[in-house]
Amino acid sequence: MTTKSIITREFKTVSGISGPLLFVQETRNVAYGEYVEIVAQDGSVRHGQVLETSFEMAVVQVFEGSGGLSREHTVVRFTGEPLRFAVSTDVIGRMFNGSGKVIDNGPPIIPKEKLDVNGSPINPKSRAYPTDFIQTGISAIDGMNTLSRGQKLPLFSGNGLPHNEIAAQIARQAKVRKTEEKFLLIFAALGITVDEARFFINSFEESGALSRSVLFINLAQDPAIERILTPRLALTTAEYLAFEEDYHVLVIITDMTNYCEALREISAAREEVPGRRGYPGYMYTDLASIYERTGRVLGKLGSITQMPILTMPNDDITHPIPDLTGYITEGQIIIDRALHRRGIYPPIDVLPSLSRLMKEAIGQNKTRDDHRELSDQLYYMYAEGRSLRELVAVVGEEALTERDHLYLRAADRFEKEFVSQGRYEERSIEQTLDIGWNILSSFPESELKRISLNTIQKYHPSKRSRVS
Amino acid sequence: MLKQKLKFGIIKKVVGPVVFAENMENITMYEMVKVGLDRIIGEVIRIEGDNAVIQVYEDTTGVSPGEPVEPTGALLSVELGPGLLNQIFDGIQRPLTFLEKESGFFIRRGIYPDALPRNKKWHFIPTKKAGDKVVGGDILGYVKESPLLERHAIMVPPQTKNGLISYIIEEGDYTIDETIAKIDCGNNNILEVKMVTKWPIRKPRPIKRRVSTHLPLITGQRIIDALFPIAKGGTAAIPGGFGTGKTVMQHQLAQWADANVIVYIGCGERGNEMAEVLERFPELKDPRSGLPLINRTILIANVSNMPIAAREASIYTGMTIAEYYRDMGYDVALMADSTSRWAEALREISGRLEEMPGEEGYPAYLSSRIAEFYERAGRCEVLGSDERYGSISVVGAVSPPGADFSEPVTQSTLRVVKVFWALDTSLAQRRHFPAINWLTSYSLYKNELDLWFVKYFPNWPNLTKEFMQVLQEEEELIEIVRLVGPDALSEVQKLILEYARKIREDYLMQHAYSAADSYCDLKKNYYMMCLLSYFYNESKKLVGNGVQVSKINSLPSVQELGRMKFIPNEEFEAFYFDLLARLKEDLSSLALGVKS
Ligand SMILES: Nc1ncnc2c1ncn2[C@@H]1O[C@H](COP(=O)(O)OP(=O)(O)O)[C@@H](O)[C@H]1O
Ligand SMILES: [Mg+2]
């Protein structure tokens, strides 16, 4: 913030309370964005932040909500500072609540730095483009929508779908091959149930990741407005550990839908003109202030990879929450209800899924030289097969040509053999690509137009078996 | 500029990027001001009596009521001069390389360096001499700015009417702050010309007149150059849902378009996409000169988590720079990714002002602002007593919520641009790239530009027309297949479907990341069309004689059409004649088979 001297000022002039907002009169020189402590009648302290300030009044959002606060007995203390979080490597292996208080009965954190939780934008000039392939062991991701270190890649899911299992499997299996680097997991829970939180914690414990993780837990019964803060604490911690302490950090945030609901609540309380479906017009920019805190920077060893999870209301990908997220993140992994119903795990629909950073993360010396062409061909095959399936539903199978049948069968095999795998099955990238080749080998070479003749010569199963 | 005594205002209220101030009686609209004790930069966007509303170009955290607002007497402007190329700026032209040096990889607040390097000396070669008469826009001399821009013109300021050069410096190395010429404008008014000038970003630089747009901006993208071309000085919009290929297309155009200067504005999008350009462009070679592309490129990066008021300004900053190079007589191409983020910045600021919202919360002036922006594109005769022509082509990405093109930003844009490249989510999901929908897209330049193409490629207009017709027919045939199945089709219809499939897969699809296919020159483009058309028209005769389409399709030369796009530009002509001969042979062998 500024170099201004820090003065704490107290006011007992709350004139109005609306939803999570306090309106404090006659504040005069309160600064925008300033961190605020709110003392309730019973002496308990809540915290908040200034959203608007003028000569007459300051508007304060209260992270714990305004329940139980009264106009007469509330003391509002302006600290003259932005909201900061105390970080050091002590936080590793620890658990915090959604506003950053230690909740694991461990010793207090001895801070090395106190950082503004809103962070600062990374200079685009200073960014290093992500190129390191992260093997998740899941074929639908590694083969078709490759994740790389420093990427923000969300899971778009729906209620009741196994996004938690998939996220946990990724957290368990993710590795950059041929390296022995410092890896850390940061987990931010926003309004999820106790059971869900327990599932994650158990899963981290089981795989030994818990001691290499930092947890921020805001549960469904915890204050909703706190969810505005929780991801910022997680990312402030991530930035410190990645860029000051050289860790490779994977940040999992779930469920961003709850974050957006909190944002909407504040906007409604401020009586702002709503954007699409009642969400504030600035939601894109606000979400960007979270998702963009990902990446690598030139000259630093560490990195931040972000995997936010969101549940699409009504499975609707055009809903503002997934829509704006998709416009900011570097792709998306779509968890599909139809595949799930058919018993396919992980039910990842590769067609609407995307990894925008895939091209630089694959190929020779990273995955394998046939990767791009193979995945292009698999995409083509699966898309053809899927549209033929729709045609079959109308005109019946008999009407199809021999070529059509090849595509139909291959699409089925793709779902059963390539996409589908065990919850504890960790496939190497070579295994993944070879399954792909096996499926494609049912086609005549002239259909494999996305693959160069050289690559066919080198990797096509018929050629390879002839050699051996 | 403004002569009155500068008097400080006082901040009354702070709401996000918007600051309300009082005691501002002598302020001008769009004047730049310094806000608060940290003196961060803002711009006056509304005046009511003594009160002013200011949009602030940096984070306002920590700013409080009672702090001062300092007028500067100047409108928000950019610096113009040698040293722009090869740089990356934020939305208000702060050089990001300098910010990095000052504050590390996080951008800190309150650093305002000069946009152009001050110490660097440029070799100036005068082309005028003392005693010459000049008017605004006349070229006094040149400096070599970069290997791809040998002649950066130092011009007489636009507003100059009847000037007489009283002094001009001799050839030599000078910094941009040195006076290189003095111009006597009469009435004892001596204008000192330096290599650097300033221009307010919201004011279009003047031109002599607009001229017709009859030259294509060649992009190396087959579907664009052939079916939906853009003219030099033209305007185009690329709307599309997320992941449909807007940014990749903008990058492709920035790489391959045959312009002299590229201004690329990353407006409210991803930081990594700018990093990508910064990493790739120094290595990528211009297909015409073989020199690194970064040498003709200027990047404006105000990404999604940088301040939104600066995002609002970024497209004007970019446009003013583009106009400056146009005024020298160059063809400039400007890409803005994404104009929707600019519109959202406008909406957010308007919301903070509590203005009456229009459709979807956008201010009522949204469409006029969009129109004003695209109005600055065009091909024109520029100022100066010699006859020079320059152009600015503008390509704006649009990001419609939910990929629904009926929303205000898309609709307002379509009312003003002449080319519409509609990106299609379903094509993108099938990985058909570029995902430009061939049925809904259009170019209003097509007919005029055909006159240019036909001069070099006689059959160009016919071929592109044939392609469009076949794609249209395919759509109708697919409808039949959906109703009654593929069996109902005649062999002739099957051939049309096969032709259409080949056009889509073997011609329209173009892989941005394939070395041989990313840039397709006009010759290769033409020959590819010729080959496909030859296949179809010859096959039609065969089918008429009872040959089955599947038989034709299994010919080796016909199958080879599927891989022709991977033949490099420089080898394509030879390949064309070779494949054409083999097609002829294979097809005529089938014809013989029928006869015997
Ligand atoms: N011409 C192309 N060739 C190959 N891949 C492409 C092409 N255009 C788009 N893509 C793919 O689509 C992805 C999304 O494209 P992008 O331009 O980032 O979309 P948008 O800007 O519309 O969100 C890219 O990461 C790339 O994988
Ligand atoms: Mg984009």
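Residues numbered from 1 in each chain as written. Chains lettered and ligands numbered in written order. Predicted model: local features only at pLDDT ≥ 70, side-chain atom pairs only at ≥ 80, totals over all residues. Heavy atoms only, no water.

What about the overall build of chain B?
A count of helices and strands for chain B gives 16 helices and 26 strands. Relative to its length of 596 residues, chain B is compact, with a C-alpha radius of gyration of 28 Å against a globular reference of 25 Å. Counting all 596 residues of chain B, 62% fall into the buried class. For chain B, long-range pairs separated by at least 24 residues make up 71% of all intrachain contacts whose partners lie at least 6 apart in sequence. Of the accessible surface of chain B, which amounts to about 22,100 Å², a share of 52% is contributed by carbon and sulfur atoms. One way to put it: in chain B the 69 positive side-chain charges average out to a point 2 Å from where the 77 negative ones average out. (Helix = DSSP H or I, 4+ residues; strand = E, 2+ residues; numbered from the N terminus. Rg over C-alpha atoms; globule rule 2.2 N^0.38 Å. Buried < 20%, exposed > 50% of the residue type's maximum accessible area, 1.4 Å probe, protein only. Contact = heavy atoms within 4.5 Å. Areas by Shrake-Rupley, 256 points an atom, 1.4 Å probe, with all protein chains shown as cover. Lys, Arg positive; Asp, Glu negative; His and termini not counted. Charge placed at Lys NZ, Arg CZ, Asp CG, Glu CD.)

Side note on the site of ligand 1
What surrounds ligand 1 is a group of 15 residues, the closest being Arg356 of chain A together with Gly243, Lys246, Thr247 and Val248 of chain B. With respect to ligand 1, the chains having nearby residues are chains A and B. Residue Thr247 of chain B places a side-chain N or O atom 2.8 Å away from an oxygen atom belonging to ligand 1. Note that a nitrogen atom of ligand 1 is positioned 3.4 Å from one of the backbone N or O atoms of Gln510 of chain B. Protein coverage of the free-state accessible area of ligand 1, which is 560 Å², stands at 91%. When its residues are assigned to classes, the shell around ligand 1 shows six nonpolar, seven polar and two charged. (Near = heavy atom within 4 Å. Polar contact = N/O pair within 3.5 Å; in protein donor to acceptor, adjacent residues only side chain to side chain. Nonpolar A, V, L, I, M, F, W, Y, C, P; charged D, E, K, R; others polar.)

Regarding the packing of aromatic side chains
In total, this model carries 37 aromatic pairs over all chains according to the counting rule given. Their ring planes at 80° and their centres at 6.1 Å tell us that Tyr380 of chain A and Tyr407 of chain A sit as a pair that is edge-to-face. Of this pair, Tyr380 of chain A sits in helix α10 (residues 371-395) while Tyr407 of chain A sits in helix α11 (residues 402-419), and the two are 27 residues apart along the sequence. By relative accessible area, which is 7% here, Tyr380 of chain A ends up buried. Relative to Tyr456 of chain B, the ring of Trp452 of chain B has its centre 4.6 Å away and its plane inclined at 45°; by these criteria the two rings are tilted. With Trp452 of chain B and Tyr456 of chain B both in helix α10 (residues 446-456) and four residues apart, the pair spans about one turn of that helix. Aromatic ring contacts, followed pair by pair, group Trp452, Phe453, Tyr456, Phe457, Trp460, Tyr526, Tyr527, Tyr576 and Phe577 of chain B into a single cluster. (Phe/Tyr/Trp six-rings, centres within 6.5 Å; stacked < 30°, edge-to-face > 60°.)

Notes on unusual backbone geometry
For the bond from Thr254 of chain A to Asp255 of chain A, the omega torsion is 10°, close enough to zero to count as cis. By secondary structure assignment, the location of Asp255 of chain A is in the loop between β17 (248-254) and α5 (256-269). Following Asp337 of chain B, the chain continues to Ser338 of chain B via a peptide bond in cis, the omega torsion being 10°. Within the secondary structure layout, Ser338 of chain B lies in the loop between β22 (331-337) and α6 (339-352). For Arg277 of chain A, which is not a glycine, the phi torsion comes out positive at approximately 45°. With respect to the secondary-structure elements, Arg277 of chain A resides in the loop between α5 and α6 (283-291). On the accessibility criterion, Arg277 of chain A (44% relative accessible area) is partly exposed.

Side note on empty space enclosed by the protein
In the structure shown here, the tally under the stated rule is five cavities of 30 Å³ or more. Along the wall of the largest cavity there are 16 residues; nearest its centre are Arg276 and Leu324 of chain A together with Glu344, Arg347 and Pro401 of chain B. Mapped onto the lining of the largest cavity, the elements with two or more residues apiece are α7 (320-328) of chain A together with α6 of chain B. Looking at the lining of the largest cavity, the element that brings in the most residues is α7 of chain A, giving three residues. Of the residues contributing to the lining of the largest cavity, the split by class is eight nonpolar, two polar and six charged. (1 Å grid on protein atoms, 1.4 Å probe; cavity = no way out; pocket = protein on both sides within 12 Å on 5 of 7 lines; lining within 4 Å. Points joined across faces, edges and corners; volume = space filled by probe spheres on them.)

With respect to the sheet that holds strand β19 (residues 303-311) of chain A
Residue and element names in this part refer to chain A. Overall, mixed pairing links the eight strands, which are arranged β9-β16-β15-β17-β19-β14-β20-β21 in an open sheet. Either end of the sheet is taken by a strand with one partner, and the two such strands are β9 (95-97) and β21 (348-355). Strand after strand, the sheet turns through a mean of 15° between neighbouring axes, direction not considered. Pairing of β9 with strand β16 (residues 213-219), which is carried by three bridges, proceeds in the parallel orientation. From the neighbouring strand, Asn97 faces β16, where its bridge partner is Ile217. Across the sheet, helix α2 (residues 163-173) lies against β14 (155-157), β15 (183-192), β17, β19, β20 (331-335) and β21, angled at about 165° from β19, the strand it touches most. (Pairing = 2+ DSSP bridges. Axes fitted to C-alpha atoms, helices over the stretch in contact; angles between N-to-C directions.)

With respect to helix α11 (residues 460-484) of chain B
Think of an α-helix as turning once every 3.6 residues; residues three or four places apart then point the same way. Relative to the 36 Å expected for 25 residues at 1.5 Å per residue, α11 of chain B spans 36 Å between its end C-alpha atoms, a close match to the ideal helical length. Along α11 of chain B, the residues classified as buried are Trp460, Pro461, Leu463, Thr464, Glu466, Phe467, Val470, Leu471, Glu474, Leu477 and Val481 of chain B. Residues of α11 of chain B that are buried in the fold lie against α10 of chain A together with α2 (222-227), α10, α12 (491-508) and α13 (522-544) of chain B. In the segment just after α11 of chain B, Gly485 of chain B is the residue with positive phi, at about 90°. (Expected span 1.5 Å × (residues − 1).)

Don't take any of this as a statement about function, it's just geometry.
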